[in-house]
Protein chains: 2
Amino acid sequence: MARVVVDVMPKPEILDPQGKAVLGALPRLGFSGVTDVRQGKRFELEIEGELTDDVVEQVRQMAETLLSNPVIEDFEVHVEEHSVAEVAASEGR
Amino acid sequence: MARVVVDVMPKPEILDPQGKAVLGALPRLGFSGVTDVRQGKRFELEIEGELTDDVVEQVRQMAETLLSNPVIEDFEVHVEEHSVAEVAASEGR
């Protein structure tokens, strides 16, 4: 079993209202020093069997055809040892 | 200028209808071998000045109070050299 992560973010030239909303809320909560916030999507895919180059290429095609809209979004595919849940558990949260 | 990423995922015990919808669509698009899909959020924060431990701790508090709902979501904070857009550009996309 392998875990492949696909990160999808709005292209830099695309307006990101969600990110702007977060950016605007930070000072009201007493946080400073953040100059920009971009919000996108993260997919954690569990893949059966061995992680070959072919499998990673298949995930790239999934990212291109289903998980992102290439007109307005960029994506990145990478392998991760630990899920966010495992990291949170290891930090006692 | 530094870039800190906050990944937010639904806790494992929480139903993830978006992830299930993606999982269900993959075979129809001819993809096989994916046993589970979880969908969450990714925030890219641009921080001015130097990235000290204090700053990373501030981002953790932002993640806990604004970017995630600790009842149903886990989060992870990490520093990344390149944004998704820079990786996509370096791959000629």
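Up top is the structure these notes are about.
None of these values were measured; they are calculated from a predicted model.

Caption draft 1: A look at helix 2 (residues 53-67) of chain A. With 15 residues, helix 2 of chain A extends 19 Å from end C-alpha to end C-alpha; this agrees with the ideal 21 Å at 1.5 Å per step. Those residues of helix 2 of chain A lying buried are A:Val59, A:Met62, A:Ala63 and A:Leu67. The arc that holds every buried residue of helix 2 of chain A, seen down its axis, measures 100 degrees, which confines them to one face. Summarising the geometry of helix 2 of chain A, the exposed residues directed more than 90 degrees from the buried face are A:Asp53, A:Asp54 and A:Thr65. The secondary structure elements touched by the buried residues of helix 2 of chain A are strand 1 (2-10), strand 2 (34-47) and strand 3 (73-79) of chain A together with helix 1 (17-28) and strand 2 (34-47) of chain B.

Caption draft 2: The relation of the copies chain A and chain B, seen in detail. When chain A is brought onto chain B, the operation consists of a screw motion whose angular component is 180 degrees and whose axial shift is 0.0 Å, with 0.0 Å RMSD remaining. The transformation relating the two chain copies, once decomposed into turn and shift, fits a two-fold axis. Rotation axis and chain A: the residue whose C-alpha lies nearest the axis is A:Lys41, separated from it by 2.2 Å. A high fraction, 100%, of the interface residues of chain A reappear at the interface in chain B, so the copies pair face to face through one surface.

Caption draft 3: Quick peek at the nonpolar core. If you look at the biggest cluster of nonpolar residues, it comprises 18 residues, and the most contacted ones within it are A:Val6, A:Phe43, A:Leu45, A:Val59, B:Val34 and B:Val37. Those elements that place two or more of their residues in this core are strand 1, strand 2, helix 2 and strand 3 of chain A together with helix 1 and strand 2 of chain B. Setting aside chain neighbours within four positions, we find A:Val59 in contact with A:Val4, A:Val6, A:Leu45, A:Ile47 and A:Val77. Counting residues in hydrophobic clusters, the runner-up holds 17 residues, among them A:Leu26, A:Phe31, B:Leu45 and B:Val77.

Caption draft 4: Quick look at the sheet that holds strand 1 of chain A. Strand order in the open sheet formed by six strands is 3(A)-1(A)-2(A)-2(B)-1(B)-3(B), with antiparallel pairing between adjacent strands. Unpaired on one side and paired on the other, strand 3 of chain A together with strand 3 (73-79) of chain B mark the two borders of the sheet. On average, each strand axis in the sheet is tilted by 25 degrees relative to the strand beside it, whichever way the strands run. Pairing between strand 1 of chain A and strand 3 of chain A: seven bridges, direction antiparallel. Paired with A:Met9 across the bridge in strand 3 of chain A is A:Asp74. Here helix 1 (residues 17-28) of chain A sits on the sheet in contact with strand 2 of chain A together with strand 2 of chain B, set at roughly 125 degrees to strand 2 of chain A.

What counts as what
- Residues numbered from 1 in each chain as written.
- Chains lettered and ligands numbered in written order.
- Predicted model: local features only at pLDDT ≥ 70, side-chain atom pairs only at ≥ 80, totals over all residues.
- Heavy atoms only, no water.
- Helix = DSSP H or I, 4+ residues; strand = E, 2+ residues; numbered from the N terminus.
- Expected span 1.5 Å × (residues − 1).
- Buried < 20%, exposed > 50% of the residue type's maximum accessible area, 1.4 Å probe, protein only.
- Arc of directions from axis to C-beta.
- Contact = heavy atoms within 4.5 Å.
- Least-squares fit on C-alpha atoms with pLDDT ≥ 70 in both.
- Core = buried A, V, L, I, M, F, W, Y, C linked by side-chain atoms within 4.5 Å.
- Pairing = 2+ DSSP bridges.
- Axes fitted to C-alpha atoms, helices over the stretch in contact; angles between N-to-C directions.

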